[in-house]
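Examination of the molecular architecture
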Amino acid sequence: MDFLKTLGIGSSIPGCSSGRIWLSRKKRKKIQAYSPVDGEIFAKVSRATAKDYDKIVKTAQKAFEEWRTTPAPARGEIIRQIGLQLRDFKQPLGKLISYETGKPLQEGLGEVQELIDICDFCVGQSRMLYGMTTVSERPNHRLFEQYHPLGPIAIITAFNFPMAVWGWNAMVAAVCGNVCIWKPSSKAVVSAVALQMVISRVLGKNHLPEGLFSLVIGNGKSIGETILEDQRIPLVSFTGSIPAGRHVSEKVASRLGKTILELGGNNAIILTEHADLKLALPAIVFGAIGTSGQRCTTTRRLIIHESIYQDIKKRLVTAYKSLKTGDPLIEKNHMGPLIDKGAVKNFQKAVRLIKKQGGSILFGGNCLPKGKKFPSGCYVEPTLAEVRNDMDIVQEETFAPILYLMKYKGDIHEAIAMNNDVAMGLSSSIFSTHHGQIETFLSAVGSDCGIANVNIGTSGAEIGGAFGGEKDTGGGRESGSDAWKNYMRRQTVTVNYGSDLPLAQGIQFDL
Ligand code: NAD
């Protein structure tokens, strides 16, 4: 595996770093890095202890003192260099993502490109941390707002985007003057270590203090819980499942800390009778099977007007027959494995429940037999099912390539009601050429999701927009637009440059 060599990854790896310095790997418990592609344990990564974590936070606090006074455009210059460094390592990083998570190589490379893009975006952002000036009601007074960094912030990430989610958070947070402590998913630790190694070159070249970008590997229960309870961490940005996010929210709120929550989705595409199917079909298939259905923005539900339902069903079955599943590092394959055996069990359980709750499987529904072609036993068939929206299993986010087909009979309002009738509110889209239908979908009575797309699928997002969702998706926003404000504290300032002190309500003191 040439990419591991290029990245300097051996078989035993330290899992805790304050930048360039890696803390000892001796006498630490290990996480076994497993590839769902071939089922191999390809590295052992040391887990941080509570003492290691404490050291990391203290180092980060010290770095923050220096970093917060570094002019923001100078912070942007470091991010520019990180972007250049990532360009040099795009191939091996993309291959590692593909090998560790099972997503196709093109998606792995695309994830690194997203990191590069967010670096470019943040270079510009570093010159645009704008505050507003407004008018004071008092004479000789100036009223304005400004933004200051928060301190050491924690970034807890999910397995499915093992590098990009760190970038959406860390690059934005850093240009805002914060320092970052990253706890990655235990299912994708080597991607995190490799990324830390790549960026540490930039930190070293610029003689930056330790503690700007730290990495702490441990599981959710140990290091994760410690972060949630740690009063020294003013903001926890959490990406993961809804139950874990609910817990994170409660825990951090109980100490009045801030959170950014990026949780699960149950995303739908509405296909009206005016849909252009030439656009819709590739968007549906990519949205449903990309990353083996393990994206937060995966298309899970298709809400189809009854007049075109049979046609869509036939076309999708034909399209699914042509899909190739196998080693994701081989370009001809469209879909790789699920992340692990636990995910396979969830897939099997969902298929059972679909049938039990009155749905039917139109295509797929099986695990692919373990053997030479599918060595890890984590490969499943892309699956189509005919269901009703109110079935319990359809209301859940099953993190697998299962696409639900359902019909609507009435007007666009009925389709929108079905789109909104789930607990999550992340991504949504409509395929239609009818102006009234599109505008209704985008209006106040339309989609209730954080992302509403027209004639483009639900999956993925451009970094320039604010990314996140409503309801059980958690309400957080990351990446572009004004999401940077979530990483800063806002201050309203009044300056009196006159020689009088006009008090409110005209109160007078005889002083
Ligand atoms: P997960 O909830 O199992 O784990 C996410 C992270 O939380 C991991 O780093 C894990 O170690 C940590 N964690 C778990 N318990 C914790 C605790 N008690 N305290 C602190 N940290 C804890 O999620 P996953 O299986 O890795 O990822 C899949 C989920 O993430 C899906 O629901 C998906 O929709 C969601 N997701 C959302 C977005 C988004 O932007 N909305 C992006 C990617 C993934």
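Now for a quick tour of the structure. (Residues numbered from 1 in each chain as written. Predicted model: local features only at pLDDT ≥ 70, side-chain atom pairs only at ≥ 80, totals over all residues.)

**Section: the site of the ligand**
- In the neighbourhood of the ligand, 30 residues make up the surrounding shell, with Ala 158, Gly 220, Gly 224, Gly 240 and Cys 296 lying closest.
- Counting residues per element, the ones that place at least two in the shell around the ligand are helix H8 (220-229) and helix H9 (242-254).
- Tallying contributions element by element places H8 first for the shell around the ligand, with five residues.
- Residues belonging to the shell around the ligand are distributed by class as follows: eleven nonpolar, 14 polar and five charged. (Near = placed C-beta within 6 Å. Helix = DSSP H or I, 4+ residues; strand = E, 2+ residues; numbered from the N terminus. Nonpolar A, V, L, I, M, F, W, Y, C, P; charged D, E, K, R; others polar.)

**Some points on the nonpolar core**
- Membership of the largest hydrophobic core comes to 150 residues, with the highest contact counts inside it found for Val 172, Cys 180, Val 190, Val 236 and Leu 302.
- Setting aside chain neighbours within four positions, we find Val 190 in contact with Ile 9, Ile 13, Ala 33, Ala 43, Val 45, Leu 96 and Glu 100. (Core = buried A, V, L, I, M, F, W, Y, C linked by C-beta atoms within 7 Å. Buried ≥ 20, exposed ≤ 12 C-beta atoms within 10 Å, placed from the backbone. Contact = placed C-beta atoms within 7 Å.)

**A closer look at the sheet that holds strand E3 (residues 30-34)**
- Read across the sheet, three strands follow the order E1-E4-E3 without closing on themselves; strand pairing throughout is mixed. At either margin of the open sheet sits one strand with a lone partner, and together these are strand E1 (12-13) and E3.
- Bridging between E1 and strand E4 (residues 41-46) involves two bridges; their strand directions are parallel. What sits directly across from Ser 12, in E4, is Lys 44.
- Against the sheet, helix H7 (residues 189-205) touches E1, E3 and E4, its axis set at about 65° to E4. (Pairing = 2+ DSSP bridges. Axes fitted to C-alpha atoms, helices over the stretch in contact; angles between N-to-C directions.)

**Quick look at helix H6 (residues 164-175)**
- Along its twelve residues, H6 runs 17 Å from first to last C-alpha, staying within 8% of the 16 Å computed at 1.5 Å per residue.
- With twelve of twelve residues buried, H6 lies mostly within the body of the structure.
- Immediately beyond the C-terminal end of H6, within one or two residues, lies Gly 177, with a positive phi of roughly 100°. (Expected span 1.5 Å × (residues − 1).)

**Examining unusual backbone geometry**
- You will see that Leu 256, though not glycine, has its phi angle at about 60°, which is positive.
- A positive phi angle is found at Ser 479, which is not glycine, with a value near 75°.
- By secondary structure assignment, the location of Ser 479 is in strand E22 (residues 478-479).
- We classify Ser 479 as buried; it has 27 C-beta atoms within 10 Å.

**Some remarks on the sheet that holds strand E19 (residues 451-454)**
- Taken in spatial order, the seven strands of this open sheet run E14-E15-E16-E13-E12-E18-E19, and their pairing is mixed. Across the chains shown, the open sheet's two edge strands, defined by having one partner strand only, are strand E14 (360-363) and E19. Ignoring which end each strand starts from, the neighbouring axes of this sheet average 25° apart.
- One ladder, built from four bridges, connects strand E18 (residues 427-431) with E19; its direction is parallel. Pairing of Ser 427 across the sheet is with Ile 451, part of E19.
- Across the sheet, helix H10 (residues 277-289) is in contact with strand E12 (267-271), strand E13 (299-305), strand E16 (402-408) and E18; its angle to E13 comes to roughly 150°.

**Topic: the packing of helix H3 (residues 72-88) against H7**
- Two numbers describe how H3 lies on H7: the axes approach to 9 Å, and their chain directions differ by 135°. Between H3 and H7, the interaxial angle falls into the category oblique. In the crossing of H3 with H7, the sense of the turn from one axis to the other is right-handed. Across the interface between the two elements, Ile 78, Gln 81, Ile 82, Gln 85 and Leu 86 from H3 touch Val 198, Ile 199, Arg 201 and Val 202 from H7.
- In the contact of H3 with H7, the residues fall into six nonpolar, two polar and one charged. (Parallel < 35°, antiparallel > 145°, perpendicular 65-115°, else oblique. Left-handed = near helix turned anticlockwise from the far one by under 90°.)

**Regarding helix H15 (residues 435-442)**
- Looking at H15, one finds that the buried residues are Gln 437, Ile 438, Thr 440 and Phe 441. The buried residues of H15 occupy an angular sector of 165° when projected down its axis, which confines them to one face. Those residues of H15 that are exposed and angled more than 90 degrees off the buried face are His 435, Gly 436 and Glu 439.
- Looking at the buried positions of H15, the neighbouring elements they touch are E12, helix H14 (412-420), E18 and E19. (Arc of directions from axis to C-beta.)

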